[in-house]
Structure formats: structure tokens, C-alpha cells
Amino acid sequence: MSAGGALVVELRQAAPIPLDARFTCNPGEVMALVGPSGSGKSTILRAIAGTYRPRHARISVGDEVWTDTASAQARPAHRRAVGMVFQNYALFPHMSALGNVLAAMHEGPAGERAVRARSLLELVHLGGLEARRPAELSGGQQQRVAVARALAREPQVLLLDEPFSAVDKSTRQRLYREIAQLRRVLAMPVVLVTHDLDEALLLADRMTVLHHGRTLQSGVPAELTERPASAEVARLVDLRNLFEGEVCGQREDPPATLIAWQGRTLEVASRPDLAAGTPVTWVIPEGYVVAHRRDRPSRGEHENPIDGCIETVLTIGPSTHLSLRVEPERHPIHFAVPAHVARRNGFEAGASARISLLAEGIHLMPAQAGAP
Amino acid sequence: MDWTALWLSLRLAAFTVLLLLPIGIAVGRLLAYRDFTGKGVVEALVALPLVLPPTVFGYYLLVAFGAASPIGQFWQAAFDRPLVFTFEGLLIASIIFNLPFAIQPMQRGFEAIAPDIREAAACCGMSPWRALLAVELPLAWPGILTAMVLSFAHTLGEFGIVLMVGGSIPGETRTIAIAIYDRVQAFDDRAAAQMSALLLVLSLATIALTYAFSRRIGRRLG
């Protein structure tokens, strides 16, 4: 596969689709653009591909400038080496699988092209189905043809627009594994658009969270899901344990910052930059909430112990998802435990329970206007 | 049986379809994919021959092509022959009154292609010309075929405009539809019946063939 430079994207416009996005994607890196539907993800991909022209834009790949509205440069879409996998694949219905892949190859003798197209179809496990038309292929097979076609151009950038949304769950799991394997041979920047956070966490090296066309935060997935820059990002990455508090002091030994929350004092990882009295929004990922056993003390029991009343219990497969109401807070704390733990401890709606909020997992953000 | 009239009609229909093909593709595609000011006016003008009585339409064409008009004078100067009451004049009139029959089905054909398919063509590195030939035309083909058949059949049957612009000059402008009318006027019922039956069979055969083709294409595209 061809190696190129990093993709650098800067887009800005007020209407008709508001955009204020900037991000980079390095060769060999999978960057996930995550956001709710209507957040402008697909528009950004189309701007990179050159099929959409925003008011102000600068898009470059390595040394090549593809779009620069400041100097009125816009390379037409067909002269940008992009591979694009569309949401509904957009295969050419009148061509066979092989024909679709060949449609993206324009250089070299016909014989060589056919050999390479066949090997690409082999790469995506479609050997033997070359003559089938898209209508004769399953959703998963169509997606693979779309991937082979996107790679056939030897693209400098690979763009994937919700590539897994049109297939059933089991096919999706299989395609994830295949894409994860395929990634190792891809040396170009890969931009994956998805509204599915788990998909992004599974496949992406870095994530950019997008809302109303605006890029809010970029970073490695763990950074975004554990240390979001704002309450808005926290909500977009599905963090539900979001509360308002106030810094009430610093402790010296061991160093920790103390925050006041609903009449309680919580210990959090040291943030000496925050003065006492600063209002904050704090968030704790579910993985840092520890439920205590009823019969004997468990690890971390002394760390921010909280008593509350179990509000909802939902068992999905091997996990039980619980919400705990802690008076007088309006919003419950969400956490999950293995289903057998929930059973043994009698975690059911209406029962009381004690949890600990691990200090290292509590992340402080600037206070937001209004409650979460 | 007026074989000269039949041959003239077939020639007129064939030339009309041939010349309308690029016009229909260009205008149909433009109307399908582009938004521009005055698009409504263009669409209305294209549809006008559908609603205007053929004699009215023929009258205006006669005035526009006549020896007193700039178009008529230009034609006379350029080719040293008049435009009205000639095959060429009839052909131009035929192209104009067939515009809606050619453009509208082609426009629908192009509109039926999903936008992301066209984007995919660009993302596959196809130039606009290549995308037109390799992707758009094959996919819009049912609409294009319908347009061609409708224009062909409509040209064979058109009467009012032909009579206004072309008159009834044997071998030059007397089409089969005019010839049938002539025969009826001359009480030659046999010839009129023969020619009418032939036109009926011809029309039925073309339409049936189109439907068969469209179904086959539909199956092929899944």
C-alpha cells in the first residue's frame, strides 16, 4: 500500500452546515470522528474527498494541498487519491464485484490491473465471488467489495463513512476483526466516521469528538473517555456520572484535592492549580465505581465511601448495570458489576448499597452552565 | 400504400432521435443535478409542447422559420433554400416538439442515480466524462431508452405541427400521418386502412420492445 504524509484538515463555515473542525491524522493511524448523527461527520469526509466545498477550508496530505480556499485552490475530487467506503457502500450496481474494483484502477496494462483487482478481492476474503453483482452479495460481502474498491486506487487517505452501520451485529463483529487485521498493511491515514463509541474504541488509535460540526477534543480513546475536556465531551463519549461540585481544599500528604459534593467531601487526584471555592463539574467513569460486599470489607473501602439506594437494576448477559440514588443529588450514580456479584449481594431495586468512588478515576472539568 | 411517406416518416423519426440523444442527455442531466436560477422557467419551456395545441405550436414555428424571420433568412442565406416546407425545417420542428418526450424521461433517469454513487465515481478517480460513460449512462439507460422510443413513436404520429411547418410535399414533407389523412380525404379507404394498421403495429412493437428491455435492465440492476 502506498505511504504518504499526514492528513491535516481545517474547515470553517457558518452555513448551510455549520463547521468548525480541525484535526490531523498520521500515516498508518486510524482516527475516529465520533459524534451524534447530524454532527457533520459525513460532511467532513466529503470535504476531504472533494465532493463538498466548505466556505473556508485547508486540507493537505503530506506536501500536497488538496483544498485551500485562502488561495482559491481546490483539486477536483477525481484527482485526489482517496479511497472512500460509503455508508451504503455506493457500489456500481451494473458492474460485477471485480468490475467495481477495476473501476477505481486507471493505470497500468489491463492484465496487470485485473490481477491486482483479484488479489484485492482475495485480501478481503471474496475470492470466487468476482463475477457477482452487488445485488447478488450479502451486506457484509458488499462492504468488503467497497473496501477493496477503496484500496484499489492506492489511496493516500482512506475514508470510512459509518462502514459497519448497514450490516447485522454478527457480521459487524467479523468485519471488525478483518479491518483490525487489514490495518496492519495500511500505511496511509485512515479516517473512520462513526456514531458508535464502542466501534471507535475498538478500532481507532485516536478519536476526535464532534458536535454541531465543531471538533471538541482529539486524543487517544482512553484520554477522551477518562479525562474529557468538558461536560459536553463527557456526555458525547457516553459518560453518565457527571456531577457539580466545588473545590474545598488541598491535602498535603499524600497529595490530593478535596471537593465538596452534596454535603460530602470527596478526595480526588491532586489538582493544585484549582483554588478552594472553584466550582467544578466532575465525572467518574463506571469502571472506577467499586461496589462493596455486604459481609466483609473490600478493596478501596475507605476511598470516598458513599451510601445510597439502588434505583434500577438491569442485567445484560454477564453484567448487571445499576444506578444508585445518593440524596440529595438529582442524578443517580451509574455502575456495573458482574451479574453473580449483584445476585450474591442482593442488589435489587430499593435495596441500600455502599460504593466507593476511586479518587484516581474522578476527573475535574470547568463547571458548566446549568445542571448536567 | 405510400411507401415514400413511410420512408420519410422513418427517416424523420430516426434523425430526430439521433439528434435529440445528446441534447436530452445534456439538458436532462443538467436539470437533474444542478440548481440554478431560472430552472423552473427552463423546465416549463421544455414541457410547453405537451400542453400547447399542435396547431398553435406549428403556427409559431411557421412564423419563426418563415422567409420574413431572422432564422428563415439566415437559413436561406446559408443553405440557399427555405426552412419551411422542407425536410430540414420539419426535422428542426420535430426536435423542438419532442423536447419534453426526450428530456423528461432522461432527467428522471439521471435523478434515479443515488448521489453517493456519483460521488463514488469521483472517489474512484473517474473524470466527469468517464463517470458519465461508465456509471451514469448505464444506470440512466432505462430513462434514455424510454425517451428515445417515445420521441420515435411521437414523431411517427405527429400531424398538426407537420402540416403547419411542412405542408404535404411528397418525398419532402409528406409523412405517413399526413398521407393517411390525404387518403381519407380522397376516399381511398383501403390505403388509409393499410397505412393505419402498419403504424399501429409499428408503434405497438416499439413500445413492447421498450418494456421488455426495461424489465431486463431492471432485473440486471437488481
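Residues numbered from 1 in each chain as written. Chains lettered and ligands numbered in written order. Predicted model: local features only at pLDDT ≥ 70, side-chain atom pairs only at ≥ 80, totals over all residues.

A few points about the pairing of strand 20 (residues 352–357) of chain A
Residue and element names in this part refer to chain A.
Right, on to step 1. On strand 20, burial follows the alternation: A353, I355 and L357 on one face are buried, whereas S352, R354 and S356 on the facing-out side are not.
Right, on to step 2. When strand 16 (residues 289–291) meets strand 20, the two strands line up antiparallel, connected through three bridges. Looking across to strand 20, one finds that V290 is bridged to S356.
Right, on to step 3. The pairing of strand 17 (residues 305–316) with strand 20 spans five bridges and is antiparallel. When the sheet's bridge partners are listed, P305 is paired in strand 20 with S356. (Buried ≥ 20, exposed ≤ 12 C-beta atoms within 10 Å, placed from the backbone. Helix = DSSP H or I, 4+ residues; strand = E, 2+ residues; numbered from the N terminus. Pairing = 2+ DSSP bridges.)

Section: the domain arrangement of chain A
All names here are of chain A.
Right, on to step 1. Structurally, chain A comprises domain 1 (7–229) and domain 2 (242–366).
Right, on to step 2. Put simply, the middle of domain 1 and the middle of domain 2, counted by C-alpha atoms, are 39 Å apart.
Right, on to step 3. Each residue belonging to the side of domain 1 that touches domain 2 can be placed in one class, and the counts come to one nonpolar, one polar and two charged. (Domains from an automatic or database assignment. Nonpolar A, V, L, I, M, F, W, Y, C, P; charged D, E, K, R; others polar.)

With respect to the nonpolar core
Right, on to step 1. Counting 159 residues, the largest nonpolar core has I48, V101 and V191 of chain A as the members making the most contacts within it.
Right, on to step 2. The greatest single-element share of this core, amounting to 12 residues, is contributed by helix 8 (residues 128–157) of chain B.
Right, on to step 3. Each of domain 1 (7–229) and domain 2 (242–366) of chain A contributes no fewer than three residues to this core.
Right, on to step 4. Once residues within four sequence positions are removed from consideration, I48 of chain A is found in contact with V9, I59, V82, V157, L159 and V191 of chain A. (Core = buried A, V, L, I, M, F, W, Y, C linked by C-beta atoms within 7 Å. Contact = placed C-beta atoms within 7 Å.)

A short note on the interface of chain B and chain A
Right, on to step 1. Listed as interface residues are 18 residues of chain B and, on the opposing side, 19 residues of chain A.
Right, on to step 2. Of all elements in the fold, only helix 7 (115–123), helix 8 and helix 11 (189–221) of chain B reach the threshold of two or more residues within the side of chain B that touches chain A.
Right, on to step 3. Element by element, the count of residues in the side of chain B that touches chain A is highest for helix 7 of chain B, at six residues.

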